[in-house]
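Architecture and fold: a report
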Amino acid sequence: MTHDDFFAGVKQGDVRCVYLFEGEEEHIKGKALQALRGRLLPEGLEALNESVLQNPSADTLIAAAETLPVMAERRLVVVRDSALLSAGKAANEADDSQKLAGYLLHPPETACIVFYCHKALDGRKKLTQALGKTAAVVTFDRLGDPALARWMQQQLRPLGKTISYENTSFLAFTAGRDLLTLTQELAKLSAYAGDREEIGQADIEAVVTPSLECTVFQLVDALVAGKEAEAFGLLGAMLENGEARVGILAMMARQYRNLLHLKLMAKARVPEAEIQKQLGVPPFAMRRLAAQARAADEETLASRLRLCVDTDYAIKSGKIREDAALERVMLRLCSRQS
């Protein structure tokens with residue numbers, strides 16, 4: 001089920017015995033757990049009726065679920081990051097998986113068990129397969145553009161602020177799509193706007209902390225425009241913020257790949273709307289990508305992509321050291337501007 005289905009069910013009092021929370025959107029996942037706490041745990045008795053277990057054994061989990069609630073109808077048992085559900089070998093995996101798979105076929109009605117997963121599920125695991133059949137699986141995917149825009153506008157409404165759809169897209173590109181980060185950035189924007197009701201692009205550019213993706217976009221933009229000092233300044237800022245060189249290099253490769261794909265699709269007269277859909281970028285980013293692509297020829301983009309990919313492979317295969325490889329790539333990219 002989607003997170004919307006989950007919230008609607010809890011609001012109506014439809015609380016299942018076993019849930020599996022999976023997916024990338026941690027902010028809404030946390031809100032879902034709060035909703036269960038609010039529904040199940042009497043005020044003042046929360047600590048007596050909740051067990052939070054980090055990768056427990058089957059016996060520990062079952063013992064918590066069998067403990068009767070205190071002055072409440074149900075006990076909440078939260079199982080965080082069970083190794084029985086993710087990649088890798090867990091201790092006593094075969095026995096624990098078999099024991100829990102059988103136990104969860106008939107869980108106690110006095111408990112609500114939530115398997116709360118940060119890591120990706122391993123569909124080959126026995127317990128993952130068993131929960132797929134017996135639990136209410138709630139998937140917390142990243143919000144799509146329309147849903148994310150509505151969410152931002154809802155967050156701003158109590159603050160007396162508004163933001164256009166286009167600027168929600170610009171904010172998501174600038175800050176990233178993590179809802180906790182966006183919550184903090186929206187609060188900053190609201191304070192910065194002061195008495196003004198609408199938050200505009202200039203506000204976002206002034207106060208929002210750029211994400212890695214946004215900064216790499218700006219870095220490649222500077223390289224294409226021949227602004228070497230600006231490009232190295234952006235690189236230095238990312239490294240000071242603790243970003244890994246190999247991660248920056250991978251993002252650069254992705255950016256050059258997008259530029260090359262755009263160039264080839266435009267050459268084949270693919271409609272701009274289809275190009276945008278294929279690349280998965282918002283309209284304003286598409287405009288900037290198109291300008292970057294026009295400023296470089298196909299052969300140059302292909303060679304720069306090859307340089308990034310080959311360097312990434314050389315780092316991961318141990319042929320060159322990571323600490324100097326990225327700077328060397330930057331110097332070669334700058335030299336090709338002349």
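Note: the structure precedes this text.
Within each chain, residues carry numbers counting from 1 in the order of the written sequence. In keeping with the predicted nature of the model, local features appear solely for residues at pLDDT of at least 70, side-chain atom pairs appear and are counted solely at 80 or more, and the whole-chain, interface and lining totals rest on all residues. Only hydrogens and water are set aside when side-chain values are computed; all heavy atoms of the structure are taken into account.

1. Quick word on the pattern of salt bridges
Worth spelling out the cut-off: Salt bridge criterion: a side-chain nitrogen from Lys or Arg within 4 Å of a carboxyl oxygen from Asp or Glu. For helices the rule is a DSSP run of H or I covering at least 4 residues; for strands it is a run of E covering at least 2, with both sets numbered from the N terminus onward.
According to the stated counting rule, one finds 17 salt bridges in the structure shown. Of the charged contacts in the structure, one is a salt bridge between Glu26 and Lys29, with a shortest N-O distance of 2.9 Å. Highlighted residues: Glu26 and Lys29, both in helix α2 (residues 26-40), separated by three residues, approximately one helical turn. With a shortest N-O distance of 3.6 Å, Arg254 and Glu213 are connected by a salt bridge.

2. Digging into the sheet that holds strand β2 (residues 50-54)
By definition, the strands of a sheet pair up through backbone hydrogen bonds, in either a parallel or an antiparallel sense. For the record, the criterion: Following DSSP output, two strands are said to pair if at least two bridges run between them. Every angle, taken between N-to-C directions, lies between 0 and 180 degrees, and every axis is a line fitted to C-alpha atoms, over only the stretch in contact when it is a helix. Residues count as neighbours in contact if any of their non-hydrogen atoms are within 4.5 Å of one another.
One open sheet holds the five strands; their spatial order is β2-β3-β4-β1-β5, and the pairing between them is parallel. Two strands bound the open sheet, and with one partner strand each, they are β2 and β5 (136-139). In this sheet, adjacent strand axes meet at a mean angle of 15° when their direction is disregarded. Docked against the sheet, helix α5 (residues 126-134) engages β1 (18-22), β4 (111-116) and β5, running at close to 100° with respect to β5.

3. Concerning the environment of Glu73
Heads up, the rule is: Partly exposed residues are those whose accessible area sits between 20% and 50% of the maximum for their type, while under 20% is buried and over 50% is exposed, using a 1.4 Å probe and protein chains only.
As for its placement among the helices and strands, Glu73 is situated in the loop between α3 (58-66) and β3 (75-80). A residue is classified by how much of its surface remains accessible, and Glu73, at 72% relative accessible area, is exposed. Measuring from C-alpha to C-alpha, the distance between Glu73 and Leu40 comes to 7.5 Å, with 33 residues separating the pair along the chain.

4. Digging into the packing of helix α6 (residues 145-156) against helix α8 (residues 179-193)
Each pair of packed helices can be described by the angle between their axes along with the distance between the axes. To be explicit about the condition: When describing relative orientation, an angle under 35 degrees is termed roughly parallel and one over 145 degrees roughly antiparallel, while 65 to 115 degrees is termed roughly perpendicular and anything else oblique. Put simply, a crossing is left-handed when the front helix is turned counterclockwise from the back one by less than a right angle, and right-handed when it is turned clockwise.
Orientation of α6 relative to α8, taken along the N-to-C sense of each, is 40°, at an axis distance of 10 Å. By the criterion of interaxial angle, the relationship of α6 to α8 is oblique. In this structure, α6 meets α8 at a crossing whose hand is right-handed. Contacts between α6 and α8 pair Leu148, Trp151, Met152, Gln155 and Leu156 from the former with Leu179, Leu182, Thr183 and Leu186 from the latter.

5. A look at the packing of aromatic side chains
Which entries qualify depends on this criterion: Between 30 and 60 degrees the pair is tilted, below 30 it is stacked and above 60 it is edge-to-face, where a pair is any two Phe, Tyr or Trp rings, Trp via its six-membered ring, whose centres lie within 6.5 Å. Counted as over-ring charges are cases with an Arg CZ or a Lys NZ within 6 Å of the ring centre that also lie within 35 degrees of the ring normal.
Under the counting rule described, the total for this entry stands at seven aromatic pairs. Judged by centre distance (5.1 Å) and plane angle (85°), the rings of Phe173 and Phe217 are edge-to-face. With Phe173 in helix α7 (residues 165-175) and Phe217 in helix α10 (residues 212-224), this pair connects stretches of sequence that are 44 residues apart. An identical accessibility class is assigned to Phe173 and Phe217; each is buried. Among the aromatic residues, those joined into a ring-pair cluster are Phe6, Phe7, Tyr19, Phe21, Tyr116 and Phe140. Directly above the aromatic system of Tyr116 lies the positively charged group of Lys29, at a separation of 5.5 Å from the ring centroid. Sitting over the face of the ring of Tyr116, Arg80 holds its NZ or CZ atom 4.5 Å from the ring centroid.

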